[in-house]
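What the coordinates show
Spelled out from the first residue to the last, the chains are:
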Amino acid sequence: MARDLIQYVTAPDQLAQWCSQQPIPCYEPGTPIEEVYTDPVMVERMRGFFEPGAYNNGGASLNWATFDRALDAEWSRLFVEYMSGSMTIEEVFAEFQPLLDDSVQRAISAHPEWGADSW
């Protein structure tokens, strides 16, 4: 029965029907968003699914991970320290802030098109 179910749901006709019902339709990896959506409003709204990073999506532009994924390990370590009670939240943020500041500076330097000097 499991094999029959897998064959049924992965058959091209079934897959096409399933893909047509999704808010983000099926597409080949690397396909530009403009080829997946023709509506400019949907292109703007869904761009973050195609082009990850800080792209006009409000909350993500405030996310430290948007700037530098290299901070993941350090943030994880600090989070564990906080959750285990070895550090206060103030100590965690005091230790993390210089790392974050450095990461933001590197992101700004890497993206002159942001025009950060005019902020």
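Cut-offs applied
- Residues numbered from 1 in each chain as written.
- Predicted model: local features only at pLDDT ≥ 70, side-chain atom pairs only at ≥ 80, totals over all residues.
- Heavy atoms only, no water.
- Helix = DSSP H or I, 4+ residues; strand = E, 2+ residues; numbered from the N terminus.
- Contact = heavy atoms within 4.5 Å.
- Areas by Shrake-Rupley, 256 points an atom, 1.4 Å probe, with all protein chains shown as cover.
- Axes fitted to C-alpha atoms, helices over the stretch in contact; angles between N-to-C directions.
- Parallel < 35°, antiparallel > 145°, perpendicular 65-115°, else oblique.
- Nonpolar A, V, L, I, M, F, W, Y, C, P; charged D, E, K, R; others polar.
- Patch = residues over 30% accessible without salt bridge, like charges linked within 9 Å, V, L, I, M, F, W, Y side chains within 5 Å.
- Salt bridge = Lys/Arg side-chain N within 4 Å of Asp/Glu carboxyl O.
- pLDDT = per-residue confidence, 0-100.
- Phe/Tyr/Trp six-rings, centres within 6.5 Å; stacked < 30°, edge-to-face > 60°.

1. Observations regarding the overall build of the chain
Scanning the chain from N- to C-terminus turns up seven helices and zero strands. Element order for the chain, N to C, with α for helix and β for strand: α-α-α-α-α-α-α. Sequence-distant contacts in the chain: of pairs separated by 6 or more residues, those separated by 24 or more amount to 21%. By element, 59% of the accessible surface of the chain is carried by carbon and sulfur atoms, the whole surface being about 9000 Å².

2. Comments concerning the packing of helix H6 (residues 72-83) against helix H7 (residues 89-110)
Two quantities define a packed helix pair, namely the angle between the helix axes and the distance between the axes. Running from N to C, H6 and H7 point in directions that differ by 170°, and their axes come no closer than 9 Å. With respect to their mutual orientation, H6 and H7 come out roughly antiparallel. Contacts between H6 and H7 involve Glu74, Trp75, Arg77, Leu78 and Tyr82 on the former and, on the latter, Ile89, Val92, Phe93, Glu95, Phe96 and Leu99. Classifying every residue of the contact of H6 with H7 gives eight nonpolar, no polar and three charged.

3. Here we look at a nonpolar patch on the surface
Together, Leu5, Tyr8 and Val9 make up an exposed nonpolar region whose accessible area comes to about 310 Å². Residue placement: Tyr8 occurs in helix H1 (residues 2-10).

4. Description of the confidence of the model for the chain
The predicted model of the chain averages 78 in pLDDT, with 84% of residues at 70 or higher. Here residues 57-62 is modelled with pLDDT under 50, and outside its nearest four sequence neighbours on either side it reaches four contacts, counting other chains as well.

5. Notes on the packing of aromatic side chains
Applying the stated criterion to the full structure yields two aromatic pairs. Here the aromatic rings of Trp75 and Phe93 are separated by 6.2 Å at their centres, their planes lie at 15°, and the arrangement is stacked. One end of the pair, Trp75, is in helix H6; the other, Phe93, is in helix H7, and 18 residues separate them in sequence. Ring pairing ties together the aromatic residues Trp75, Phe93 and Phe96, which thus form one cluster.

6. Quick word on the environment of Thr31
You can see Thr31 is positioned in the loop between helix H2 (12-20) and helix H3 (33-36). In the structure, Thr31 is positioned 19 residues away from Phe50 in sequence and 8.6 Å away in space, judged by C-alpha atoms. Beyond its immediate stretch of four places on either side in the chain, Thr31 contacts Val36 and Phe50.

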